[in-house]
Amino acid sequence: MKRVNCKALLGHSVWAASETEEVFVNWNRRLHTFVPAVALTLFPLVATLPLAAQVPSTAMPTVESTRSPAGDTTALAKEAEGWLADLIRIDTTNPPGNEQAAAKYIAAILTREGINSEFLDLAPGRSALVARLRSAAMPDPSRALLLVAHMDVVGVDKSKWTVDPFAATIKDGYMYGRGSIDDKGMLAANLAAFIALKRSNARVNRDVIFLATADEEQGGEASIRMLIAKYWDKFAAGFALNEGGRVILKNGKVEYVAVQASEKVPVDVAVIARGPSGHASVPTKDNAVVHLAAAVEKIGGYTAPTHFTTIVRRYFEQLAPLEDDELAKWIRSLDTPDRGEHAQRVVSDANPLWNSMLRDTIAPTMLSAGVRANVIPSEARAMLNVRLLPGDTIDVLLGELTKLVNDPNIRFEVQPDAGLAAPPSSLESDFYATITKAASQEFSGAPVLPFLSAGATDSAQLRLHNVQAYGVSPFPMTDEDSRRMHADDERMPLASFEKGVDFLARIVAEFAATR
């Protein structure tokens, strides 16, 4: 298939970091001038247009939504596509991050909309950005709604991509680029929902805060933990909308909407093998590399016991009616004394994500040893990325692994900056009810399931500060596209992006605007 030049197709400027002070927004902003004002008010009489037929049917929801209180977001979503493309072109690979460049780009868009924003500096070249739509002269943080997304992205191996990962190439109805899903798609959609509320001139009944964060992928000196420590008063809120959920697309139809209310706890662990060094021409039985390889093989075959959290139990209870009869039978048997163990194997094998939701998981991710091919090293290391269920502890898991490996030449070392277990967000809050209602309206009655995400997000730190934070990655996605997150050829289906903008705008308008 011939590649389509994104600049030629979308017509917006190609943004470069050196143009920070000059470039404000792309051509799509000009569309606003030509859209009738009624299409941008909060309570239009027109229904949301169906998705454009520009992506393969397997990537496009076939349902039509009811009329959105946010109005017809079609033109706004096109603008947001341009913002997403420009944000992809700003390389915020972490490390080093360079999020300040993306923050300046967003600030320029907000300025054009008449919205003041503020940089929250964290480290050289690394800033978060905050903006606020006020409901009253004195803020009430307990009622405020926070729209949060992060600007940094994980690294790429460009040789494994079919397109330039930082060119925002449009091909076959998709926008390719690192961060298109994680998390610049959400960033652009949050910005669109925030601007939609401003343009509508609706009376907001609570402060709505836009927050673009840094260092989410590394969790270091510029992370939300540091942001909260230095600037909490700038964005304190009672409710938050963030990444972490999913809109599950199967056979061209939205099967269900998963709303993240809890998440697993990330912990990195080094596996260290030691032995005598020497010349490789005289092999020894105490070779550290051999000991490490044996240990990693045992760890790779380890399966932790099942542990049902409240969120996970409710997820599977509500999932069972949506699956075929055979799989539903085993889902309903997950926690039974007679068939539970077999059911857990069946369900875990059916979907790797379900396996991760049911237990602690361990993924060996990095190996390092040696300085030359002819030198036996005295030390060899592997890195394990552990994801704990809330309530489980790393000490208990490492105790099990120590017994499993059973090698005095092997030791485990927990790395700094591990995640923290946070309480789940309430499934009884008004905001969760609003999300549920909006999802049902947007996706023609699709059910909403509470979700525990295997991946970590900024929401854990927010929950530790009494924020009812929910993950709603709003874009209908197939499993095949979702698996591209952090992988090669990450891409966003454009029709799903437009649908996601409408969904987010609907949630925000329902919760924060007075009719």
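Our subject is the structure that appears above.
Residues numbered from 1 in each chain as written. Predicted model: local features only at pLDDT ≥ 70, side-chain atom pairs only at ≥ 80, totals over all residues. Heavy atoms only, no water.

Turning next to the overall build of the protein. When helices and strands are tallied, the protein shows 16 helices and 21 strands. For the protein, with 515 residues in total, the buried portion stands at 57%. Within the protein, contacts between residues at least 6 apart in sequence are counted, and of these 79% link residues at least 24 apart. Accessible surface for the protein amounts to roughly 21600 Å². Of this, 53% is attributable to carbon and sulfur atoms. (Helix = DSSP H or I, 4+ residues; strand = E, 2+ residues; numbered from the N terminus. Buried < 20%, exposed > 50% of the residue type's maximum accessible area, 1.4 Å probe, protein only. Contact = heavy atoms within 4.5 Å. Areas by Shrake-Rupley, 256 points an atom, 1.4 Å probe, with all protein chains shown as cover.)

This next bit is on the sheet that holds strand E15 (residues 379-388). Spatial strand order, E13-E15-E11-E16: four strands in an open sheet with antiparallel pairing. Of all the strands in the sheet, just strand E13 (361-369) and strand E16 (410-414) have a single pairing partner and so form its edges. Averaged over all pairs of adjacent strands, the angle between their axes in this sheet comes to 25 degrees, without regard to strand direction. Note: E13 against E15, eight bridges, orientation antiparallel. For Ala369, the partnering residue across the bridge sits in E15 and is Ala380. (Pairing = 2+ DSSP bridges. Axes fitted to C-alpha atoms, helices over the stretch in contact; angles between N-to-C directions.)

Attention shifts here to the pairing of strand E7 (residues 208-213). Successive side chains on a regular strand alternate, one facing one side of the sheet and the next facing the other. Most of E7 is tucked away, with six of its six residues classed as buried. Burial along E7 is two-sided: the face carrying Val208, Phe210 and Ala212 and the face carrying Ile209, Leu211 and Thr213 are both buried. Across five bridges, strand E2 (residues 126-133) lies against E7 in antiparallel orientation. Following the sheet pairing, Arg132 is matched in E7 by Ile209. Pairing analysis gives six bridges linking strand E3 (residues 145-150) to E7, with the strands arranged parallel. Of the residues in E7, the one forming a bridge with Leu145 is Val208.

Let us now look at the nonpolar core. Core analysis: the largest hydrophobic core is formed by 103 residues, its most contacted members being Ile106 and Phe316. What Ile106 contacts, discounting residues up to four positions off in sequence, is Leu87, Leu129, Met151, Leu187, Leu191, Phe210 and Ala212. Judged by nonpolar contacts, the second largest core, of 23 residues, contains Val267, Val296, Leu388 and Leu397. (Core = buried A, V, L, I, M, F, W, Y, C linked by side-chain atoms within 4.5 Å.)

Along the chain, Ala295 turns up in helix H7 (residues 288-300). Residue Ala295 is classed as buried on the basis of its relative accessible area, which comes to 1%. With 114 residues separating them in the primary sequence, Ala295 and Asn409 have C-alpha atoms 9.9 Å apart. For Ala295, the residues in contact, after removing those within four places along its chain, are Val405 and Ile410.

Two pairing modes exist for strands in a sheet, parallel and antiparallel, and in both the strands are linked by backbone hydrogen bonds. Here three strands make up an open sheet; going across it, the order is E4-E5-E20 and the pairing antiparallel. The two strands at the open ends of the sheet, each matched to only one other strand, are strand E4 (170-171) and strand E20 (491-493). Judged from the two bridges that link them, E4 and strand E5 (residues 174-176) form a sheet pairing that is antiparallel. Considered in E5, the bridge of Lys171 is made with Tyr174.

What follows covers the packing of aromatic side chains. Scanning the model with the defined rule gives 14 aromatic pairs in all. An angle of 65 degrees between the planes, with centres 6.3 Å apart, marks the rings of Tyr174 and Tyr176 as edge-to-face. By relative accessible area, Tyr176 is classed as buried at 5%. Plain terms: the ring middles of Tyr315 and Phe316 are 5.1 Å apart, the flat faces sit at 85 degrees to each other, and that makes the pair edge-to-face. Among the aromatic side chains, those forming a connected cluster through ring pairs are Phe239, Phe431, Tyr432, Tyr470 and Phe511. (Phe/Tyr/Trp six-rings, centres within 6.5 Å; stacked < 30°, edge-to-face > 60°.)

As a further point, take the pattern of salt bridges. Counted according to the given criterion, the structure contains 31 salt bridges. Lys403 is the partner of Glu400 in a salt bridge, and the nearest nitrogen-oxygen pair spans 3.4 Å. Taken together, the residues span about one helical turn, with Glu400 and Lys403 both in helix H12 (residues 394-405) at a distance of three residues. For the salt bridge of Glu413 with Arg411, the shortest nitrogen-to-oxygen distance reads 3.0 Å. On the basis of relative accessibility, which here comes to 27%, the residue Glu413 falls in the partly exposed class. One network of salt bridges, in which partners are shared, links Glu480, Asp481, Arg484 and Arg491. (Salt bridge = Lys/Arg side-chain N within 4 Å of Asp/Glu carboxyl O.)

Another point: helix H16 (residues 494-512). Taking 1.5 Å per residue as the helical rise, H16 with its 19 residues ought to reach 27 Å, and the 27 Å between its terminal C-alpha atoms agrees with that figure. Counting buried positions along H16 yields 19 of 19 residues, so the element is predominantly enclosed. (Expected span 1.5 Å × (residues − 1).)

Our next topic: the side chain of Arg132. If you trace the backbone, Arg132 turns up in strand E2. Polar contacts involving the side chain of Arg132 include one to the side chain of Asp207, which spans 2.9 Å. Contacts of Arg132, omitting those with residues within four sequence positions, involve Asn116, Pro139, Phe194, Asp207, Val208, Ile209, Asp233, Lys234 and Phe235. (Polar contact = N/O pair within 3.5 Å; in protein donor to acceptor, adjacent residues only side chain to side chain.)

Where helix H13 (residues 430-442) contacts H16, the two axes come as close as 9 Å, and the packing angle between them is 140 degrees. Judged on the interaxial angle alone, H16 and H13 are oblique. Where H13 crosses over H16, the handedness of that crossing is right-handed. In this structure, H13 uses Asp430, Phe431, Thr434, Ile435, Lys437, Ala438, Ala439, Gln441 and Glu442 to contact H16, whose residues at the interface are Lys499, Asp502, Phe503, Arg506, Ile507, Glu510 and Phe511. Residues of the contact of H13 with H16, tallied by class, amount to seven nonpolar, two polar and seven charged. (Parallel < 35°, antiparallel > 145°, perpendicular 65-115°, else oblique. Left-handed = near helix turned anticlockwise from the far one by under 90°. Nonpolar A, V, L, I, M, F, W, Y, C, P; charged D, E, K, R; others polar.)

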